[in-house]
Amino acid sequence: MLKVFHKRLESVAKPTVLALGFGLVLVLGGVDYISGTELSFAVFYTAPIMLAGWYGGGRVGLTVALVSAAVWVLCDLAEGNQYSHELIPVWNTLARLGFFLIILRLLLTVRKTLEQEQSLADTDALTGLANRRFFVEQVERERLRFERQLEPFTIVYIDLDGFKYVNDHFGHDGGDELLETVADSLQQHVRASDLVARLGGDEFAVLLPLSDKAAAGVVIDKLNRQGLAAMAARGWPVTFSIGAVSFIRPMHSARDMIKAVDDLMYQIKKSGKNNLMHRVWPPAA
Ligand SMILES: Nc1nc2c(ncn2[C@@H]2O[C@H](COP(=O)(O)OP(=O)(O)OP(=O)(O)O)[C@@H](O)[C@H]2O)c(=O)[nH]1
C-alpha cells in the first residue's frame, strides 16, 4: 500500500505536490483550530513539509514550511491565545519555522544521499555506464512495456576480441583506458533514450527501445564502425564480436533475452570473431 503511494508520488509533478502540501496544511490547521488550545499538533505540521520536500524538492518543501508556520500561528490567534507580549507570536512563528527548516534540511540530505547510493549501485565504476544489474532491470521494464505497447526492441551484446593482448602489452591502465574509450564511443553513437551498459570485463551491451531489425541494424553497424575506428586511432589491435536480437515478441524474462543475445555473440566468437550476427525473435516473425 505504502509502496504504491510512494510510486505514485514519485511520478507526480511539483505543482501537484505543492497543492497536496497546501491541502494537508489547511486540513491540519482546521483540525488544530477545532480541537482547541489543549492538544498539541506540532509534530503533525511536519508531515506535509516532509512530503513536499521529499517528492517536490527544496523549494516546494520550503514553501509548504512557510505556509505551515503561518497557518499554525493563525490557528493560535484564532483560538484566542493570550500572550504577555505582542512579539511572542512572532517569536513562536520564527522558532517553529526554524524547526521546520531543520527537519526539511535533514530530509533533503537523506534523499540526496540515497539517490547517490542508488546511482552508484546502478553504475559501473570504471566507465560510468550502467552495470549489469541495472541493464537487466531496464530490459525487464522494456519487456513489460512491450506487453502494453507491442513495440519491438533490440538488445546488442558486444564482446571485445584481443583485449587481453592490450592488457598484457599496455598494462592494466592501458586496458582500462581502452574500456573507457569503447564506453565513450558506444555512448556517443546512440540516442539518449537508448541504454549502454558494461556487463563486466570486456563485455558491453546496448538496449535499443522501439527498434525493429532495420532501425537497429543501422545503429549496430555504426557502433561497430565507430568502435573499430576508435581502436585503430589508438593503435589497439582490438575488434568486436557482436550478437544482436530484435524482439518482435519478448521471451519469458529479461535474463532469457540477454542469454539469447549472448549465445549469438558466442557463435561469432567460435566462428572467428570480428563479426556481427543480428537475428529477429521469434525466428519466423
Ligand atoms: N584493464 C582491465 N582489464 C580487465 C578488467 N576486467 C577484466 N579485465 C581483463 O579482461 C580480460 C578479458 O579476457 P578475455 O575475454 O579472454 O580477453 P580477450 O583477449 O578479448 O579474449 P576473446 O574474448 O576470446 O577475444 C582478462 O584478462 C581480464 O583480466 C578491467 O576492469 N580492466
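Criteria and thresholds
- Residues numbered from 1 in each chain as written.
- Predicted model: local features only at pLDDT ≥ 70, side-chain atom pairs only at ≥ 80, totals over all residues.
- Heavy atoms only, no water.
- UniProt positions renumbered as here; feature names shortened; annotations may be inferred.
- Helix = DSSP H or I, 4+ residues; strand = E, 2+ residues; numbered from the N terminus.
- Phe/Tyr/Trp six-rings, centres within 6.5 Å; stacked < 30°, edge-to-face > 60°.
- Buried < 20%, exposed > 50% of the residue type's maximum accessible area, 1.4 Å probe, protein only.

Turning our eyes to something else, we now look at the UniProt feature "transmembrane region" (unreviewed entry) in the protein chain. In this structure's numbering, the residues bearing the UniProt feature "transmembrane region" (unreviewed entry) are residues 12-34, 54-75 and 87-108. Spanning residues 12-34, this segment combines 91% helix with 0% strand, and its end C-alpha atoms are found 31 Å apart. With 95% helix and 0% strand, residues 87-108 has its two end C-alpha atoms placed 31 Å apart.

Moving on, we get to the packing of aromatic side chains. For any pair of aromatic rings, the description rests on two quantities: the centre-to-centre distance and the angle between the ring planes. A complete count under the given rule lists five aromatic pairs for this structure. Between the aromatic rings of F146 and F153, the centroid separation amounts to 6.3 Å while the plane-to-plane angle is 70°, which identifies the pairing as edge-to-face. Judged on exposure class, the residue F146 and its partner F153 are both buried. Aromatic ring contacts, followed pair by pair, group Y45, W72, F99 and F100 into a single cluster.

Okay, the side chain of T181 next. For T181, the position within the fold is in helix 7 (residues 163-188). Among the residues examined, T181 registers a relative accessible area of 18% and is labelled buried.

Under the UniProt annotation, "domain: GGDEF" (unreviewed entry) lies at residues 151-281. Taken end to end, residues 151-281 comprises 50% helix and 28% strand; its first and last C-alpha atoms sit 13 Å apart.

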